[in-house]
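A closer look at the structure
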Amino acid sequence: AACSFRRSIASQLSKVLDLPPENLIKSISAVPVSKKRRVADFQLSIASVREDNSSDCLAPDLHLQAQKLAEGLKCDAVVSEISAGPGTVNFTINRELLAKTVLRQVLKDGSEYGVKSELFSTVPKQKAVIEFSSPNIAKKFHIGHLRSTIVGNFIANLKVALGHEVIRMNYLGDWGMQFGLLGVGFQLFGNKEKLKTSPLQHLFEVYVQINKAAEDENTKKLAKDFFRKLEEHDEQTLSLWKQFRDFSIDEYIRIYKRLGVHFDEYSGESFYQEKSKEVLKMLENKGLLQKTIKGTGIVDLSEKKDLSSFSTVMRSDGTSLYITRDLAAAIDRMNKHNCDTMIYVTDKSQSNHFQQLFQILKLMGYDWVERCQHVSFGLVQGMKTRRGEVIFLEDVLNEVRSRMLENMASTKTTKEIEDPMETAEKVGLAALIIQDFQGLLSSDYQFSWDRALQSRGDTGVFLQYTHARLHSLEQMHGNEQLTDINVACLQEPDAISVLQHLLRYDEVLYRSSQDLQPKHIVSYLLTLSHLAAVAHKTLPVKGSAPELAQARLCLFQAARSVLANGMKLLGITPVTQM
Ligand code: ARG
């Protein structure tokens with residue numbers, strides 16, 4: 001929809017400005033719908049098309065230029081009104097054409113609406129490896145892992161929707177001294193049956209127990225021995241470790257499924273035990289590895305080569321560290337996938353780690369490090385369940401589901417729902433995701449169940465509610481065939497507002513694809529829901545003349561379609577009743 005209008009405005013402008021239309025496309029934007037009525041549908045910002053967009057950009061001058069430009073343009077079949085504002089030229093689209101084009105495009109393109117926009121036509125299709133979630137076996141799945149999971153999933157969804165190839169990777173914390181302890185712990189307190197039925201919980205408990213016991217020297221020694229055997233690939237030891245890993249992954253998969261998340265690859269630190277030895281060799285050969293008096297291996301990262309900043313890559317006993325395994329993993333990932341982008345999603349406490357990782361790769365001569373990106377996010381404070389501290393992802397999922405069920409039970413519609421548990425889970429997850437995605441990813445925020453689960457206002461519950469209402473409207477009146485609606489019926493301000501807002505979806509996708517921030521899409525969808533809710537009130541379907549009812553249904557259907565598309569990108573499964 002936006003696509004053809006923008007093109008047609010650009011082609012008129014290109015003649016007057018003597019610039020190729022392609023260069024103008026991104027300077028023409030749909031005007032956001034706000035409380036005030038909009039002056040126009042599209043806007044060209046003068047500053048963005050001026051070549052000398054600096055020194056003499058004085059406001060009065062820009063206004064004058066806008067006026068001059070506006071005078072040189074003519075209305076046509078597409079544009080019905082042109083005006084000049086402070087530094088902008090404003091375009092109003094022919095009202096019937098607006099309705100017809102937007103609705104046709106939305107309903108025809110389905111889940112590809114907005115994606116097919118020309119805003120993306122010059123963006124090359126790429127291959128991206130996105131690593132996210134990456135929990136540590138036998139340790140807590142903390143809120144940072146949850147945030148990584150939903151953020152990574154969003155980035156992957158968005159990239160896939162835009163036609164890129166994506167590999168979703170989970171890099172498990174499945175190696176290190178803690179497995180020595182865990183192995184000994186399992187021999188003492190473990191239970192094979194529990195390991196099968198609830199591995200994550202069981203291993204965590206064993207780990208807590210053995211950590212208490214680890215005070216004494218004998219346990220410490222046993223743990224060391226166990227890990228040494230593991231590193232030496234002793235068959236029996238390795239087979240126990242493999243069970244820890246395999247059963248844990250089975251359970252992760254099951255729980256991620258509740259979140260609507262899947263991975264293409266389960267990688268992990270364990271894969272890079274051997275390969276990190278090679279990395280150390282390479283570092284040594286390139287003269288990058290230095291030994292301290294204590295015998296640890298470090299890489300000098302300072303500019304003046306005075307060791308004012310360095311990274312430790314080898315323990316004194318020659319074994320690798322977290323960063324060494326990450327070096328090996330990055331090299332392996334790039335060899336294997338030869339991707340255009342390699343993304344790591346973790347909280348910002350690891351920013352320093354990734355900075356060092358990329359610096360070392362660069363020193364090693366890997367130019368592709370330019371393609372690596374750490375997407376970091378802020379900390380979430382105060383997430384607790386009624387049972388207390390969050391230890392497992394499942395705790396969070398169960399908590400949000402039960403809280404949502406309680407909320408739903410207090411409203412009268414709930415008993416008609418076929419599967420209240422499932423609905424509660426989907427709505428609850430929407431609430432968590434929207435709360436998390438509302439601000440910039442880099443900001444910290446205070447977690448609140450009550451705020452997230454509010455049914456009114458800017459929440460995921462409200463998005464779900466709007467979707468369900470629009471869906472039941474379709475159920476009640478049937479899906480409309482767009483071919484023969486009378487768009488003259490959609491000229492009320494509330495209908496136009498929805499149409500204008502639908503027009504802007506591609507720009508929002510574009511922004512999020514540029515900065516990987518979900519908040520643009522979130523605020524777009526919240527506005528869409530508010531506009532649709534208002535229109536739902538003022539533009540009734542039931543009781544209206546057939547022609548009018550049909551046109552309105554079509555409008556609501558389009559709104560629901562875009563709402564559903566956007567929600568899915570965010571990782572939310574839209575519900576059809578609640
Ligand atoms: N397992 C790590 C943790 O829980 C996160 C891994 C992040 N990814 C990486 N390639 N280092 O802190």
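What you see is a predicted model; the values in this text were computed from it and never measured. (Residues numbered from 1 in each chain as written. Predicted model: local features only at pLDDT ≥ 70, side-chain atom pairs only at ≥ 80, totals over all residues. Heavy atoms only, no water.)

Digging into the site of the ligand
Spelled out, the test is: Throughout this document, a residue counts as near a molecule or strand when at least one of its heavy atoms sits within 4 Å of that molecule or strand. Between N or O atoms, a polar contact is any pair within 3.5 Å; within protein, one atom must be a potential hydrogen donor and the other a potential acceptor, and residues adjacent in sequence are included only when both atoms are from side chains. Areas reported here follow the Shrake-Rupley algorithm with a probe of radius 1.4 Å; residue values treat only the protein chains shown as occluding. For the purposes of this entry, the term helix denotes a DSSP run of H or I that reaches at least four residues, the term strand denotes a run of E that reaches at least two, and both are numbered from the N terminus. In this count, Pro and Cys sit with the nonpolar residues alongside Ala, Val, Leu, Ile, Met, Phe, Trp and Tyr, while Asp, Glu, Lys and Arg are called charged and the others, Gly among them, polar.
Lining the immediate environment of the ligand, one finds Glu 131, Ser 134, Asn 136, His 145, Tyr 171, Tyr 322, Asp 326, Tyr 344, Thr 346, Gln 350, His 353 and Phe 354. Between the ligand and Ser 134 there is a distance of 2.9 Å, counted from a nitrogen atom to a backbone nitrogen or oxygen. Between the ligand and the protein, one listed contact pairs a nitrogen atom with a side-chain N or O atom of Asn 136 at 2.6 Å. Relative to its unbound accessible area of 350 Å², the ligand is 90% covered by the protein chains. Of all elements in the fold, only α13 (322-337), β11 (341-347) and α14 (351-363) reach the threshold of two or more residues within the shell around the ligand. Class assignment for the residues of the shell around the ligand results in four nonpolar, six polar and two charged.

Thoughts on unusual backbone geometry
Stated precisely, the cut-off is as follows: Type-normalised accessible area, obtained with a 1.4 Å probe on protein chains alone, sets the label of each residue: buried when under 20%, exposed when over 50%, and partly exposed for intermediate values.
Phi at Ser 133 is positive, roughly 75°, even though this residue is not glycine. Despite not being glycine, Ser 134 shows a phi value in the positive range, around 45°. Along the chain, Ser 134 falls in the loop between β5 (127-131) and α6 (143-161). Given a relative accessible area of 14%, Ser 134 falls into the buried group.

Describing the packing of helix α19 (residues 493-502) against helix α22 (residues 546-570)
When two helices pack together, their arrangement is given by the angle between their axes and by how far apart the axes lie. Test applied: The convention used is that axes are lines fitted to C-alpha atoms, helices contributing only their stretch in contact, and that angles between N-to-C directions extend from 0 to 180 degrees. What makes a crossing left-handed is the near helix being turned counterclockwise from the far one by less than a right angle; a clockwise turn instead makes it right-handed. Contact between two residues is taken to exist if any of their heavy atoms lie within 4.5 Å; hydrogens are not considered.
Axis separation between α19 and α22 bottoms out at 11 Å; the angle between their running directions is 35°. For the element pair α19 and α22, the recorded crossing hand is left-handed. In this structure, α19 contributes Ala 495, Val 498, Leu 499 and Leu 502 to the contact, and α22 contributes Leu 555, Ala 558, Ala 559 and Val 562. Its residues placed into classes, the contact of α19 with α22 shows eight nonpolar, no polar and no charged.

Remarks on the packing of aromatic side chains
Let me state the cut-off plainly: Note on ring pairs: Phe, Tyr and Trp rings are taken, using the six-membered ring of Trp, and paired if centres are within 6.5 Å. Classes follow the plane angle, with under 30 degrees stacked, over 60 edge-to-face and the rest tilted.
What the rule picks out here adds up to 20 aromatic pairs. When the ring of Tyr 505 is compared with that of Tyr 524, the centres are 5.4 Å apart and the planes differ by 45°; the resulting orientation is tilted. In this pair, Tyr 505 sits in helix α20 (residues 505-515) while Tyr 524 sits in helix α21 (residues 519-538), placing the two residues 19 residues apart along the sequence. Both residues of the pair, Tyr 505 and Tyr 524, count as buried. Here the aromatic residues Phe 132, Tyr 252, Tyr 256, Phe 263 and Tyr 266 are joined through ring pairs into a cluster of three or more.

Quick word on the environment of Ala 214
As for its position among the elements, Ala 214 is in the loop between α9 (199-213) and α10 (217-231). Each C-alpha atom of the pair Ala 214 and Gly 185 lies 9.2 Å from the other, and the pair is 29 residues apart in sequence. Leaving out residues up to four positions away in the same chain, Ala 214 has contacts with Leu 181, Thr 219 and Lys 220.

What to know about the pairing of β5
So the rule is basically this: When DSSP finds at least two bridges between two strands, those strands are taken to pair.
The buried count for β5 comes to five of five residues, which makes it a mostly enclosed element. Here β5 shows a buried face lined by Lys 127, Val 129 and Glu 131 and a second buried face lined by Ala 128 and Ile 130. Sheet topology note: the β5/strand β6 (residues 165-172) ladder contains five bridges and is parallel. By the bridge assignment, Lys 127 is partnered in β6 with Glu 165.

Examining the domain arrangement of the chain
What counts here: Here the limits of each domain have been adopted from an automatic or database domain assignment. Accessible area that two parts lose when put together, with a 1.4 Å probe and added across both, is what the buried area reports. Each reported salt bridge corresponds to a side-chain nitrogen of Lys or Arg within 4 Å of a carboxyl oxygen of Asp or Glu.
Annotation of the chain at the domain level lists domain 1 (2-93), domain 2 (127-285 + 317-381) and domain 3 (391-570). Each of domain 2 and domain 3 has a C-alpha centre, and these two points are 36 Å apart. Summed over both partners, the interface of domain 2 with domain 3 comes to about 2800 Å²; 65% of that surface belongs to carbon and sulfur atoms. When the buried surface of domain 2 facing domain 3 is broken down by residue, Phe 154, Arg 258 and Gln 381 rank first, second and third, together holding 27% of it. Taken together, the links from domain 2 to domain 3 amount to five salt bridges.

Brief notes about the pairing of strand β3 (residues 79-85)
Pairing between β3 and strand β4 (residues 88-93): six bridges, direction antiparallel. If you follow Ser 83 over to β4, its bridge partner there is Asn 90. As consecutive antiparallel partners, β3 and β4 are separated by two residues, and within that stretch Gly 87 has a phi angle of approximately 80°, a positive value.

Here we look at the packing of helix α7 (residues 178-189) against helix α11 (residues 235-259)
To keep it simple, the criterion reads: Here is the rule for angles: anything less than 35 degrees is roughly parallel, anything more than 145 is roughly antiparallel, 65 through 115 is roughly perpendicular, and the remaining ranges are oblique.
Axis separation between α7 and α11 bottoms out at 11 Å; the angle between their running directions is 95°. With respect to their mutual orientation, α7 and α11 come out roughly perpendicular. In this structure, α7 uses Phe 179, Leu 182, Gly 183 and Phe 186 to contact α11, whose residues at the interface are Leu 240, Trp 241 and Phe 244. Looking at the contact of α7 with α11 residue by residue, the classes come out as six nonpolar, one polar and no charged.

Description of the sheet that holds strand β10 (residues 310-314)
The strand order across the open sheet built from three strands is β8-β9-β10, with neighbouring strands paired in antiparallel fashion. Of all the strands in the sheet, the pair left with one neighbour each is β8 (289-291) and β10. Going from strand to strand, the sheet's axes swing by 40° on average, the running direction of each strand aside. Taken strand by strand, α14 contacts β9 (297-300) and β10, and its axis lies near 80° from that of β10.

Side note on the sheet that holds β5
The strand order β7-β6-β5-β11-β12 describes an open sheet built from five strands, whose pairing is parallel. With partners counted over all chains shown, the strands left at the sheet margins are β7 (265-268) and β12 (372-377), one partner each. Going from strand to strand, the sheet's axes swing by 25° on average, the running direction of each strand aside. With six bridges joining them, β11 and β12 adopt parallel strand pairing.

Considerations on the pattern of salt bridges
For the structure shown, the criterion picks out 35 salt bridges. Arg 258 is the salt-bridge partner of Glu 425, the closest N and O atoms lying 2.7 Å from each other. With Glu 425 in helix α16 (residues 420-437) and Arg 258 in helix α11, this residue pair connects regions lying 167 residues apart in the sequence. The exposure class assigned to Glu 425 is buried, which follows from its relative accessible area of 8%.

A few points about the environment of His 145
Considering the arrangement of structural elements, one finds His 145 in helix α6. In this structure, the C-alpha to C-alpha distance between His 145 and Phe 132, residues 13 residues apart in sequence, is 8.2 Å. Those residues in contact with His 145, other than ones at most four positions away along the chain, are Ser 133, Ser 134, Pro 135, Asn 136 and Lys 140.

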